[in-house]
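Structural overview for review
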Amino acid sequence: MSKLIAVFFLIINAVLFVRSLFCYRSVNFLSYELMTAPVYRSPLAVLPALVLFAAALLLLRGVPLRAARCLVLLEAAAEFCLALLWCKLNTYPALSDQKTVWANAGLIATGYGPHFDAEYYSFYPHQRSMTMVFSWLIKMTGRESEALLNVANAAGAALIVVMTALLVKELTGEERLAPAGSTLAFSFVSLLLYCSYIYGTVLSLTFAASGFWFALRLRRAFMRGKLPRLRFTLDALGAAGSLALSCALYSSMRIAVLAAVIFLVSALLPELHRERAGNAGEESRGLVSGRLFAAFASPMLILLLSLGLPGLAALQFDRCTGYRSNGGFPVSTWVSMGISSNAADPESIPGGYDKSPVRLYEETGGDMEQMDRIAKERIRTVLAEYRSGERSADFFRKKLEYEWLDPWFGGAQMTCSLWMGDDFPISAAFRALLTGPVMPALQGFLAILLSFVYGMAAVNALFQLLDRSAEGMPADFLPELYFLGGFLFQIVWEANSRYCLPYYVLLFPLALHGLERLRTAFFHHGKFHHGGFRRGGSPKLNHPGRCSRISPVSIRETGFMLAIVRRVCSAAGEWSALRQEASARRFQNRTKERYL
């Protein structure tokens, strides 16, 4: 199954990489709304920057281990401080869903009051668990200010930097690559901007990354054949608790839970079958039985806690407020909107929010069963129109480009909207930051980062398919499965690049694993072994998750990378000169035609 997932993952990321070389979605820096038309660029202008960025990340492998650990912690501390500074500068208040959820959480924490917005939860009952978690946070700290969540988000962003480094170490078995992971996460500026977003976006991503790390540790301990009871139990509880909190804060994190459960079951059970077939005797049977119990217990614990905690939070919400859920808008209403909305309007987002569920709710008088029937009939009609050619399938291309080729992934649009400036005055320093040259420069860098992540993730999947010597379920399967599930989900759901943020950030470890495998293929010619390393190297490489002692990047390798950069730059210059020459020829021909 891992090979099949890798094939689909490779195709999707290769297409996104190629498309990102030619265009990306830009923010309108006058209003900070995402432009509907893409920005086109020359691939030959992007490739030198990609090679330089990859070379800079690989040079971090030469940092001594103690300095590497210090660098990871230093980048995490810098992320925390910069996030607090951004939250201090950004004086926009929470609006819309942010305002409603946080205000209701404060009312629940301090005592249910008459200003509680119960109608909001009749539309979106899945927000009850996030509201309740926020109320628990307010009760524990005794502070109701939005600055409390800003600080929590800043701490979450710093932890994401650390968790990316730890995930890179788990996937590659190479601790020297950890600073490259933290640097990659630190360079994704949009994560920092989201710290001023009064919502569960950053914290849920933090807990999801932690849950994945614990799940990978469970797999590693199991495949080593040694199960220290205390450590295995702590890892299982850490994975279950982290993913449960992630689900409570963000309902779409159920995809992460499902991916973790499938990964653990797929990785652990085949090992047990092999052991039971090869072992005999009462002692070995007892060992296998204990491992079988552990293999089943850890995924089931993750599943039960991840379903139980959001349900418990929702029940506590209902008990505190006296609210009785009507189930909310049926899923079919969102799918109907996601596959058809704004199809005829070129100035709107394909599949974006068009208030059609709310209008249907008003038309049916709040009858959820009738809404479900009407929405399902619309879905059948729309699908029939796609099959007959009445609707263009190009709708989905535009939708996916809007979602996955936004370098900010909603960070700039959700936190910097200048259209609010008249009603909510902002400081001169903040306005100068938003309207100056800094934000366009950051967007250009993030667009390069976008191509790097998709390209190296595709390279990693390709090496995974070529690796015939790897045994068992590869660790890469977990983030690959999560990304693939999120990608398929976003095809039919409401188009919003913010929803794709968690899937993109958890591609960072895969991108660095692909970069390391590519480096190994270039400079260590040999057969690919587990993790992309050649056979016959250090014996520690045969054990995933252990830190190997590979020498730092040599001067020869760095010189080779710089030679590639020079060649690409030279080719880009020649191509640009040819274009200018062709443009001048066309101008001369047009001039001759005009005067003859």
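Residues numbered from 1 in each chain as written. Predicted model: local features only at pLDDT ≥ 70, side-chain atom pairs only at ≥ 80, totals over all residues. Heavy atoms only, no water.

So, on to the packing of helix H17 (residues 394-404) against helix H21 (residues 477-492). Between H17 and H21, the least distance of the axes is 10 Å, while the angle of their chain directions is 125°. When the axis of H17 is compared with that of H21, the two are oblique. Pair H17 / H21 crosses with right-handed handedness. Each of Phe396, Lys399, Leu400, Glu403 and Trp404 in H17 lies in contact with H21, whose residues at this interface are Phe483, Gly486, Phe487, Gln490, Ile491 and Val492. Grouping the constituent residues of the contact of H17 with H21 by class yields seven nonpolar, two polar and two charged. (Axes fitted to C-alpha atoms, helices over the stretch in contact; angles between N-to-C directions. Helix = DSSP H or I, 4+ residues; strand = E, 2+ residues; numbered from the N terminus. Parallel < 35°, antiparallel > 145°, perpendicular 65-115°, else oblique. Left-handed = near helix turned anticlockwise from the far one by under 90°. Contact = heavy atoms within 4.5 Å. Nonpolar A, V, L, I, M, F, W, Y, C, P; charged D, E, K, R; others polar.)

Turning our eyes to something else, we now look at the packing of aromatic side chains. How two aromatic rings sit relative to each other is given by the distance of their centres and the angle of their planes. In total, this model carries 37 aromatic pairs according to the counting rule given. Centroid distance Phe188 to Phe409: 6.4 Å. Interplanar angle 70°. Geometry classified as edge-to-face. With Phe188 in the loop between helix H8 (178-187) and helix H9 (189-193) and Phe409 in the loop between H17 and helix H18 (411-415), this residue pair connects regions lying 221 residues apart in the sequence. As far as burial versus exposure is concerned, Phe188 and Phe409 are alike and both buried. Ring pairs connect the aromatic residues Tyr120, Tyr121, Phe123, Tyr124, Phe317, Phe329, Trp334, Tyr353, Tyr361, Phe489 and Trp493, which therefore count as one cluster. (Phe/Tyr/Trp six-rings, centres within 6.5 Å; stacked < 30°, edge-to-face > 60°. Buried < 20%, exposed > 50% of the residue type's maximum accessible area, 1.4 Å probe, protein only.)

Taken together, Met300, Leu303, Leu304 and Leu307 make up a surface patch of nonpolar side chains, about 390 Å² in accessible area. Take Met300: it is sitting in helix H13 (residues 282-321). (Patch = residues over 30% accessible without salt bridge, like charges linked within 9 Å, V, L, I, M, F, W, Y side chains within 5 Å. Areas by Shrake-Rupley, 256 points an atom, 1.4 Å probe, with all protein chains shown as cover. Salt bridge = Lys/Arg side-chain N within 4 Å of Asp/Glu carboxyl O.)

Next up on the list: unusual backbone geometry. Backbone geometry places Lys355, a non-glycine residue, at a positive phi of 65°. By relative accessible area, Lys355 is classed as exposed at 52%. Phi at Phe409 takes a positive value of approximately 50°, unusual for a residue other than glycine.

Moving on: the pattern of salt bridges. Considering all chains together, one arrives at 15 salt bridges under this definition. Across the salt bridge formed by Arg380 and Glu377, the nearest N and O atoms sit 3.0 Å from each other. One end of the pair is Arg380 and the other is Glu377, both in helix H16 (residues 368-388) and three residues apart, which spans about a single turn. Look at Arg380 and you get partly exposed, because its relative accessible area is 48%. For Glu377, a relative accessible area of 42% translates into the label partly exposed. In this structure, the salt-bridge partner of Asp394 is Arg397, at a minimum N-O distance of 2.5 Å. Separated by three residues within a single helix, Asp394 and Arg397 lie in helix H17, roughly one turn from each other. By relative accessible area, which is 29% here, Asp394 ends up partly exposed. One salt-bridge network, in which partners are shared between bridges, spans Arg19, Arg25, Asp394, Arg397, Lys398 and Glu401.

The subject of this paragraph is the environment of Ser190. Relative to the helices and strands, Ser190 is located in helix H9. Those residues in contact with Ser190 that sit more than four places away from it in its chain are Trp408, Phe409 and Gly411.

Okay, the side chain of Gln443 next. Along the chain, the position of Gln443 falls in helix H20 (residues 438-466). A relative accessible area of 4% means that Gln443 is categorised as buried. For Gln443, the contacting residues outside a window of four places in its chain are Tyr24, Ser26, Val27, Phe29, Pro407 and Trp408.

Interpretation in functional terms is not warranted from these geometric data alone.
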